[in-house]
Amino acid sequence: MNNPFLVEVTRGNLVESRHRGSVSVVDSEGATVLSIGDVDRRVFPRSAVKALQAMPLVESGIADKYGLTDEEIALACASHSGEPEHVATAKAMLAKAGQDAGCLECGVHWPMGEAANRALAASGGTPSALHNNCSGKHAGFVCLACGQGQNPKGYVLADHPVQRSVREALEEITGACHTVEKSGIDGCSIPTYAIPLPSLAFGFARFGTGSGLPGDGRAASAWIRRAVARHPFMVAGTGRFDTRLMELLGERAFVKVGAEGVYCASFPDLGYGVALKAEDGNSRAAEAMMAGLVLRFLNLDTGERRAVEELAQPVLKNWNGIEVGRIRLASEVLGAI
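Identification of the protein as Asparaginase from Microvirga terrae is taken from an unreviewed UniProt entry.

Here we come to the layout of surface pockets. Its volume calculated, the largest pocket comes out at about 530 Å³. As for the largest pocket, its lining consists of 32 residues, and the residues nearest its centre are R240, V257, Y263, S283 and E287. Listed by contribution, the elements that provide at least two residues to the lining of the largest pocket are helix 12 (241-249), strand 9 (262-267), helix 13 (283-297), helix 14 (302-312) and strand 11 (315-317). By residue number, the principal contributor to the lining of the largest pocket is helix 13, which donates five residues. In this structure, the second largest pocket occupies an estimated 170 Å³ of space.

Time to look at the state of the cysteines. Enumeration according to the criterion identifies zero disulfides in this entry. C77 forms no disulfide, and the closest cysteine sulfur to it belongs to C134, at a distance of 12 Å.

Moving on, we come to helix 9 (residues 197-209). Compared with the 18 Å implied by 1.5 Å per residue over 13 residues, the 18 Å span of helix 9 between its first and last C-alpha is a close match. Within helix 9, 10 of the 13 residues are buried, which leaves it mostly tucked inside the rest of the structure. Within helix 9, the full set of buried residues consists of L197, S199, L200, A201, G203, F204, A205, R206, F207 and G208.

So, about the environment of L94. Looking at the secondary structure, you find L94 in helix 5 (residues 84-96). Along the backbone, L94 and C146 are 52 residues apart, and their C-alpha atoms lie at a distance of 9.9 Å. Setting aside its immediate chain neighbours within four residues, L94 contacts Q99, D100, A101, C103, L104, L130, A139 and V142.

A word on the packing of helix 8 (residues 161-174) against helix 9. Angle between the axes and distance between the axes are the two parameters that describe a pair of packed helices. The geometry of helix 8 relative to helix 9 is characterised by a closest axis approach of 7 Å and an angle of 90 degrees between their N-to-C directions. Relative to helix 9, the element helix 8 is oriented roughly perpendicular. Contacts between helix 8 and helix 9 involve E172, I173 and T174 on the former and, on the latter, S199, F202, G203, R206 and F207. Looking at the contact of helix 8 with helix 9, its residues break down into three nonpolar, three polar and two charged.

Below, the discussion takes up the nonpolar core. V23, F207, I224 and F267 are the most contacted members of the largest nonpolar core, which totals 106 residues. Examining the composition of this core, we find that 10 residues originate from one element, helix 13, more than from any other. What F267 contacts, discounting residues up to four positions off in sequence, is R252, A253, Y272, V274, L293, V294, F297 and L298.

Now for the packing of helix 7 (residues 135-147) against helix 8. At a closest axis distance of 9 Å, the pairing of helix 7 and helix 8 adopts a crossing angle of 110 degrees. In terms of orientation, helix 7 and helix 8 fall into the roughly perpendicular class. Here F141, L144 and A145 of helix 7 come into contact with helix 8, specifically with V162, Q163, S165 and V166. Looking at side-chain class alone, the contact of helix 7 with helix 8 contains five nonpolar, two polar and no charged residues.

What counts, and where the lines are drawn
Residues numbered from 1 in each chain as written. Predicted model: local features only at pLDDT ≥ 70, side-chain atom pairs only at ≥ 80, totals over all residues. Heavy atoms only, no water. 1 Å grid on protein atoms, 1.4 Å probe; cavity = no way out; pocket = protein on both sides within 12 Å on 5 of 7 lines; lining within 4 Å. Points joined across faces, edges and corners; volume = space filled by probe spheres on them. Helix = DSSP H or I, 4+ residues; strand = E, 2+ residues; numbered from the N terminus. Disulfide = S-S within 2.5 Å. Expected span 1.5 Å × (residues − 1). Buried < 20%, exposed > 50% of the residue type's maximum accessible area, 1.4 Å probe, protein only. Contact = heavy atoms within 4.5 Å. Axes fitted to C-alpha atoms, helices over the stretch in contact; angles between N-to-C directions. Parallel < 35°, antiparallel > 145°, perpendicular 65-115°, else oblique. Nonpolar A, V, L, I, M, F, W, Y, C, P; charged D, E, K, R; others polar. Core = buried A, V, L, I, M, F, W, Y, C linked by side-chain atoms within 4.5 Å.

Printed below as a string of C-alpha cells:
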C-alpha cells in the first residue's frame, strides 16, 4: 500500500513539496477510530515512547522512594532543548540516586535549543551528557537501576535489568512483541523496537486512560500525564511544538515527538491513542499532521482553535517577514471540522 500525500507545502500559488504519511487512531479497547495509509508497516517510535519507558520507574515505587518531583518525572519523558532548567533537573535526579553525570551513557551533544546552544558557547562552556536531549530519560534509567539495587553501568544494553523492565513495559502496554530481529539502537544507545502504528496508538490509548493496565499501572500513567501537563516546558523547551501544544491543552492531550517523522499522542477524555509517521521523516510534516488531528478530535474554544490552526497549517515567511507560502493538510487528516 502506498501512503497518501497528507501534507503540502506551497510557494505562491504552486505546490513546492508534498509529504506522504500514515495515521492510526485507536481507542482503549483496541477498536480503530481512524486509519490512513500503510499503518501495518513497522516503525521505530524512538523518542515518542519515552513516557511509556518511564512507566517502570513510577510503577515500581522507585520514583516515590527517591522523592522525584513532577518536574523530574516530566523530564524523564523529554526530548529537551538543553536549557539550564533541563540540565539542572537531570543533575538533581541523578543526585537523588547518589550518582552524577559521569554515569550517563546517552552520549554528548550541544543543546538542541538554539538560544541554549549559543549561550553555552558564548560562556566558553562545553556540553556534557546532561545537555543531551535524552538526559532526563537516562537519569530515570539510572534511578531505576539504583532503586532496584542494580549497578547502573551498562544500563543501555538490552540484557541489563533496566532495559528488560522497559521492554516488558512496552510489550505490556502496546500488546506487541518487541523482538530482537525487529530492533535497532537508538540515538542515545538504548534498544528501539519497530512495531505497527496501531499497536503504538493502542498503547497510548491505554496510557491516556489507564484502561487495562495491571497493578499500579493506572496510577503510574496518571502521575506521568499530570506531571507533564503541569510542566510541559520540561518535555521539550522554549517555543517547541510539544511544549506549546500541551501548555495550551493541559491534560486534554499528551503529545510526544519521535525521530524520523513519528509522533504519538493520548487524548484521555476521548480514550483515544494516536500514532503517525511522515514517510520521509520530515518533522514539519509530522507536527502539522498531529496538530490537524487535535483540530479534528478535540473540543476547542475559539482561542485554542486559532492557536492549533497556526501549528497545523502555518503561514511561511521569508527572512524579511514576507509571506511566501503555507503548509496545508489533506482532508483525510482534518476530516469534517
